Amino acid sequence: MAIESVMKQLRGKRLCLFLDIDGTLLEFAAHPDAVYVPPQLVADLRTAYDIFEGAIAFVSGRPVRQIDALFHPLRFSAAGVHGAEIRLSPDGQIMQTKDAGLSQELWLDVMRIVQLFPGTLAENKTFGYAVHYRNAPQFGPSLATEIERLVDAARDSTLSILHGHGVVEIKKASVEKGWAIEVLMQQQSFAGRTPIFVGDDVTDVPAFAKALELDGFAYSVGHSRPELSGSFENPMEVRAWLASLVHTAEADH
Ligand SMILES: [Mg+2]
């Protein structure tokens, strides 16, 4: 979708921004720690924070502390681990969603599975156990089967599995990004604004739906989804749109 068309949809609205990170603002890397954060993106996000008077939040599968480290020195409101963690204001505490915790036994089982598939990598995010297979894509299907088997065997209906880009993740079913947007929208800096959510993955589906439900806009990255407001081709186009958004708003000020 052309950036100009997106800008046209948003014209005249008092906006707030909810942004996924991996696959949306940033290109995927071989390891989650190896992503590149372009300095221009950090500069544009800082300007966006001023223009939208703090009404901007990251909504990511990463833990909030990891998000802070990635975008240092920026610090925004944030939802981490798909909504298991939430920070309502930039200076606020990171709070944990009730009942988001996973058992230690389950983590040991995940580690055991990962050892069966060389090149895959287990990540313990406390409220999410992720197995990345970006470096060993041939193991994706068998790995997913093993994780499904493990969750079935746990006989715990509160668990769910997310199949993302190059990653399978176990989390609590009650944890999802749409809930996080709803909670953040009740905060003073966000209330009364029109939400925009941008995301690229299945984990973003509840957040797309929430943004639309709140009379906002939802944009996907990569695949276009007919039910949404539009789509961007890749993270580079998202960054170009963000730059355009902040520079148009600056000119209007
Ligand atoms: Mg993503």
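See the structure printed just above.
Residues numbered from 1 in each chain as written. Predicted model: local features only at pLDDT ≥ 70, side-chain atom pairs only at ≥ 80, totals over all residues. Heavy atoms only, no water.

**Student:** Any chance you could explain the pairing of strand S3 (residues 77-80) here in plain terms?
**Tutor:** Looking along a regular strand, one sees the side chains alternate between the two faces of the sheet. Every second residue of S3 is oriented toward a common face, with Ser77 and Ala79 on one face and Ala78 and Gly80 on the other, all of them buried. Of the pairings in the sheet, the one linking strand S2 (residues 56-59) to S3 comprises 3 bridges and is parallel in character. Of the residues in S3, the one forming a bridge with phenylalanine 58 is alanine 78. For the crossover that starts at S2, traverses helix H3 (residues 64-71) and ends in the parallel S3, the hand is right-handed. (Buried < 20%, exposed > 50% of the residue type's maximum accessible area, 1.4 Å probe, protein only. Helix = DSSP H or I, 4+ residues; strand = E, 2+ residues; numbered from the N terminus. Pairing = 2+ DSSP bridges. Right-handed = clockwise from strand over helix to strand, strands pointing away.)

**Student:** Can you walk me through unusual backbone geometry in this structure?
**Tutor:** Among all residues except glycine, the phi angle is most often negative; among peptide bonds, the trans geometry is most common. The amide bond that connects histidine 72 to the next residue, proline 73, takes the cis arrangement and shows omega of 5°. Of note in this structure, glutamate 53 is not a glycine but carries a positive phi near 50°. Residues other than glycine seldom take positive phi values, yet threonine 126 does so here, at roughly 70°. In this fold, threonine 126 is placed in the loop between strand S6 (121-124) and strand S7 (129-132).

**Student:** Please explain the coordination of the magnesium ion as it appears in this structure.
**Tutor:** A four-donor tetrahedral metal ideally has 109.5 degree angles, and a six-donor octahedral metal ideally has angles of 90 or 180 degrees. Looking at the magnesium ion, the protein donor atoms are Asp20 (OD), Asp22 (O) and Asp200 (OD), and they sit 2.1 to 2.2 Å from it. Mapped onto the polypeptide sequence, the residues donating to the magnesium ion form the spacing pattern D-x1-D-x177-D. You can see aspartate 22 sitting in the loop between strand S1 (15-19) and helix H2 (39-51) and its partner aspartate 200 sitting in the loop between strand S10 (194-199) and helix H7 (205-213), a full 178 residues away along the chain. With respect to class, aspartate 22 is no different from aspartate 200; both count as buried. (Donors = N, O, S within 2.8 Å, 3.2 Å for Na, K, Ca; no water.)

**Student:** For this particular structure, what's the right way to read the packing of aromatic side chains?
**Tutor:** Here the distance between the centres and the angle between the planes together describe a pair of aromatic rings. Per the stated rule, a full pass over the model turns up 11 aromatic pairs. A ring pair is formed by tryptophan 107 and tyrosine 129, whose centres lie 5.1 Å apart and whose planes are at 50°; its orientation type is tilted. You can see tryptophan 107 sitting in helix H4 (residues 104-114) and its partner tyrosine 129 sitting in strand S7, a full 22 residues away along the chain. Just as tryptophan 107 is buried, tyrosine 129 falls in that class too. A centroid spacing of 5.6 Å and a plane angle of 50° characterise the contact between tyrosine 219 and phenylalanine 232, whose relative ring orientation is tilted. Separated by 13 residues along the polypeptide, tyrosine 219 in strand S11 (residues 217-221) and phenylalanine 232 in strand S12 (residues 230-232) bring together distant segments of the chain. Here tyrosine 219 falls in the buried class, since its relative accessible area comes to 0%. Grouping aromatic residues by their ring pairs yields a cluster made of Tyr49, Phe58, Phe71 and Phe76. (Phe/Tyr/Trp six-rings, centres within 6.5 Å; stacked < 30°, edge-to-face > 60°.)

**Student:** Sorry if this is basic, but what is going on with H3 here?
**Tutor:** It helps to recall that an α-helix has 3.6 residues per turn; residues three or four apart then point in one direction. Among the residues of H3, those classed as buried are Val64, Ile67, Asp68, Leu70 and Phe71. The buried residues of H3 occupy an angular sector of 165° when projected down its axis, which confines them to one face. Facing away from the buried surface of H3 by more than 90 degrees, the exposed residues are Arg65 and Ala69. Turning to H3, the residues buried within the fold contact H2, S2, S3 and strand S4 (85-87). (Arc of directions from axis to C-beta. Contact = heavy atoms within 4.5 Å.)

**Student:** So what exactly am I meant to see when it comes to H2 here?
**Tutor:** Under the 1.5 Å per step criterion, the end-to-end length of H2 is 19 Å for 13 residues, consistent within 8% with the ideal 18 Å. Along H2, the positions that sit buried rather than exposed are Leu41, Val42, Asp44, Leu45, Thr47, Ala48 and Ile51. Packed against the buried residues of H2 are S1, S2, H3 and helix H8 (235-252). At the exit of H2 stands glutamate 53, carrying a positive phi of roughly 50°. (Expected span 1.5 Å × (residues − 1).)

**Student:** Explanation requested: the nonpolar core in the structure shown.
**Tutor:** For soluble globular proteins, nonpolar side chains are generally found buried alongside one another. Core analysis: the biggest nonpolar cluster contains 58 residues, and Leu17, Phe18, Leu45, Phe71 and Trp241 have the highest contact counts within it. Sequence-distant contacts of leucine 17, defined by excluding residues within four places in its chain, comprise Ala48, Phe52, Ala55, Ile56, Ala57, Phe190, Ile196, Trp241, Leu242 and Leu245. Counting 18 residues, the second largest nonpolar core, distinct from the first, contains Val110, Phe117, Tyr133 and Val168. (Core = buried A, V, L, I, M, F, W, Y, C linked by side-chain atoms within 4.5 Å.)

**Student:** Would you take a moment to explain the sheet that holds strand S9 (residues 167-172) for this structure?
**Tutor:** The pairing of strands in a sheet happens through backbone hydrogen bonds and is either parallel or antiparallel. Sheet architecture is open: 4 strands sit in the order S6-S7-S9-S8, paired in antiparallel fashion. At either margin of the open sheet sits one strand with a lone partner, and together these are S6 and strand S8 (159-164). The average angle at which neighbouring strand axes cross in this sheet is 20°, direction not considered. Inspection of the sheet shows S6 paired to S7 by 4 bridges, in the antiparallel sense. (Axes fitted to C-alpha atoms, helices over the stretch in contact; angles between N-to-C directions.)

**Student:** I'm lost on the environment of arginine 193 in this one. Help?
**Tutor:** Position of arginine 193 relative to the elements: it lies in the loop between helix H6 (177-185) and S10. For the pair arginine 193 and alanine 55, spaced 138 residues apart in sequence, the C-alpha separation works out to 8.4 Å. In this view, arginine 193 contacts Arg14, Leu15, Cys16, Phe52, Glu53, Ala55 and Met185; residues no more than four positions away in its chain are not counted. Here phenylalanine 52 takes part through its backbone oxygen, which lies 3.5 Å from a polar atom of the side chain of arginine 193. (Polar contact = N/O pair within 3.5 Å; in protein donor to acceptor, adjacent residues only side chain to side chain.)

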